[in-house]
Amino acid sequence: MTRLDDTRPFIPLRIAILTMSDTRTAADDKSGDTLSALATEAGHTITARALLKDDAEAIRAQVSAWIADPAIDVVLTTGGTGFTGRDVTPEAVKPLFEKEIDGFSALFHQISFQSVCTSTIQSRACGGIAHGTLIFCLPGSTGACKDAWNGILRWQLDNRHRPCNFVEIMPRFEEHRPKS
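Every chain is numbered independently, its residues counted from 1 as its sequence is written. For a predicted model such as this one, the threshold for reporting local features is a pLDDT of at least 70, and the threshold for listing and counting side-chain atom pairs is 80 or more; totals across whole chains, interfaces and linings nevertheless cover every residue. Side-chain numbers come from the whole structure's heavy atoms, not from hydrogens or water.

A. Quick look at the pairing of strand β4 (residues 74–78). Relative accessible area decides the class of each residue, using a 1.4 Å probe on protein chains only: under 20% of the type maximum gives buried, over 50% gives exposed, and in between gives partly exposed. For helices the rule is a DSSP run of H or I covering at least 4 residues; for strands it is a run of E covering at least 2, with both sets numbered from the N terminus onward. Counting buried positions along β4 yields five of five residues, so the element is predominantly enclosed. Burial along β4 is two-sided: the face carrying V74, L76 and T78 and the face carrying V75 and T77 are both buried. Note on pairing: two strands pair once DSSP finds at least 2 bridges between them. Bridge count between strand β2 (residues 14–20) and β4: five bridges; the pairing is parallel. The residue bridging L18 from the neighbouring strand is T77, located in β4. Where β4 and strand β7 (residues 133–138) come together, five bridges link them in parallel fashion.

Rendered as structure tokens:
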């Protein structure tokens, strides 16, 4: 049950999208394209996009750079959340989290179960917050990206969503840090 308060003006977020794949190129990055289209359609701005091989150090470096960039509010990754030897996205990104968003994974699996039944257990989708930036690691399939966006992110990244959303509390993510 989603509820939007249309009396509030929409606040667009600045989103970076990172695709991990050993086989895809920018020309055939369907999951990255899907996330970009869905976020743009919702009114957000895509401020950065990249495609990397499944390499933990490269992934961590790119996500770290985006976390440090004040022009990026949200990082969405797609790919590398499975169980093969090359799937290293959670290992690369989770150490960056200051707080893990456990509910994202739990809710993602509930929604994903409706699409792919028990195959949802083959995903290690996760979310967290680092230095005031929201980070969500999604599977590489376009269906999983649509499930995550339409079922969770679309609403939690919209300040009009009631009873609460991440946008409202984003200014408080960094309240524990000393003011410079």
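Picking up where we left off.
B. Structural detail: the nonpolar core. Take the buried Ala, Val, Leu, Ile, Met, Phe, Trp, Tyr and Cys residues and link them wherever side-chain atoms come within 4.5 Å; each set so joined is a nonpolar core. Membership of the largest hydrophobic core comes to 27 residues, with the highest contact counts inside it found for L76, F104, L134 and F136. Secondary-structure elements contributing two or more residues to this core are β2, α1 (30–42), β4, α4 (102–116), β7, α5 (142–156) and α6 (166–169). Ranked by the residues each element gives to this core, the list is headed by α5, at six residues. Throughout, a residue-residue contact means that at least one pair of heavy atoms, one from each residue, lies within 4.5 Å. Those residues in contact with L76 that lie beyond four places of it in its chain are I15, A16, I17, L18, L35, F136, W149 and L153. Counting residues in hydrophobic clusters, the runner-up holds 21 residues, among them L18, A50, W66 and A130.

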